[in-house]
Amino acid sequence: MPEDRAARTPPRCASHPRIPAAAVCDACGRPLCLGCAIPVRGRVLGPCCLETALGPVPDGGHAVRPAPDAIPAGLVGASLALATLATALPWTRFGVGSGAFGAWSGSFRWSMVAATAAVLGLGLWSLGRRGRLGAHRLRPGFFGALAGVGATGALLAIAHPPPFARPSLGPWLALVACAAAAVAAAWWERARRRQDGGV
């Protein structure tokens, strides 16, 4: 009976004995859990056999990691893109700004401040990522300031909509996106200072 139970028990991962094996390493035959099983060129390998199959890992044996400011920089771009998208939505429920691209108008409105800041920020961020026009030299604080202007414009558009109109989804989405961009820009600035050797 005990032998039957042992035969029925599924094999366990060689590195994680509490987890059932999902595959076997094609190089050494060790049982692998789902987290350890790495598909490589039609084979399944374990972490210990990767270097044999792929050669030494670059950068002195350490995995290549993204720059410390890559994540917050990406969040700034994504938030500014969302704020720019929000300018295409209706900004009021009826009247002026109730159609598509409701943030834009022929006359001055607070929504235009938010829209201009979002579009300008996204454009400069995109140019900076491509290393064009010297935009890559702009500090993260610059994008944080633009995001702050955008959030202020969206907040004022909510507080002071056109006469006889009520704010719609557009300004609220722009407010949240610009606020997120400002927070991500502060994180980006801090990561950049650490990378440059500052405090």
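Each value, and the rule that gives it
- Residues numbered from 1 in each chain as written.
- Predicted model: local features only at pLDDT ≥ 70, side-chain atom pairs only at ≥ 80, totals over all residues.
- Heavy atoms only, no water.
- Helix = DSSP H or I, 4+ residues; strand = E, 2+ residues; numbered from the N terminus.
- Buried < 20%, exposed > 50% of the residue type's maximum accessible area, 1.4 Å probe, protein only.
- Areas by Shrake-Rupley, 256 points an atom, 1.4 Å probe, with all protein chains shown as cover.
- Axes fitted to C-alpha atoms, helices over the stretch in contact; angles between N-to-C directions.
- Parallel < 35°, antiparallel > 145°, perpendicular 65-115°, else oblique.
- Left-handed = near helix turned anticlockwise from the far one by under 90°.
- Contact = heavy atoms within 4.5 Å.
- Nonpolar A, V, L, I, M, F, W, Y, C, P; charged D, E, K, R; others polar.
- Core = buried A, V, L, I, M, F, W, Y, C linked by side-chain atoms within 4.5 Å.

A. Structural view of the overall build of the protein chain. Looking only at helices and strands, the protein chain features six helices and four strands. Ordering the α and β elements of the protein chain from the N terminus gives α-β-β-β-β-α-α-α-α-α. Classification of the 199 residues of the protein chain by burial places 33% in the buried group. Of the accessible surface of the protein chain, which amounts to about 12200 Å², a share of 64% is contributed by carbon and sulfur atoms.

B. Looking closely at the packing of helix H4 (residues 110-130) against helix H5 (residues 140-159). Following both chains from N to C, one finds H4 and H5 inclined at 155 degrees, their axes separated by 7 Å at the closest point. The orientation of H4 with respect to H5, classified from their angle, is roughly antiparallel. Crossing geometry of H4 relative to H5 is assigned as left-handed. Of the residues in H5, those touching H4 at Trp110, Ser111, Val113, Ala114, Ala117, Leu120, Gly121, Leu124 and Trp125 are Phe142, Phe143, Leu146, Val149, Gly150, Gly153, Ala154, Leu156 and Ala157. Each residue belonging to the contact of H4 with H5 can be placed in one class, and the counts come to 14 nonpolar, four polar and no charged.

C. Layout of the side chain of serine 79. With respect to the helices and strands, the residue serine 79 is situated in helix H3 (residues 70-86). The exposure class assigned to serine 79 is buried, which follows from its relative accessible area of 12%. Among residues more than four places away in sequence, those in contact with serine 79 are Ala177, Ala180 and Ala181.

D. Representation of the packing of H3 against H4. Interaxial distance between H3 and H4 falls to 8 Å at its minimum, and their mutual angle equals 145 degrees. With respect to the hand of their crossing, H3 and H4 are arranged in left-handed fashion. Contacts between H3 and H4 pair Ala73, Gly74, Val76, Gly77, Leu80, Ala81, Ala83 and Thr84 from the former with Ala118, Val119, Gly121, Leu122, Trp125 and Arg129 from the latter. In terms of residue class, the contact of H3 with H4 is made up of nine nonpolar, four polar and one charged.

E. Representation of the nonpolar core in the model. Within the largest apolar cluster, 15 residues are counted, with the highest numbers of intra-cluster contacts made by Ala83, Trp91, Ala154, Ala174 and Leu175. When contributions to this core are tallied by element, the ones reaching two or more residues are H3, H4, H5 and helix H6 (169-195). Setting aside chain neighbours within four positions, we find alanine 154 in contact with Trp91, Ala114, Pro171, Ala174 and Leu175. Counting residues in each nonpolar core, the second largest holds eleven residues, with Val76, Trp125, Ala181 and Ala185 among its members.

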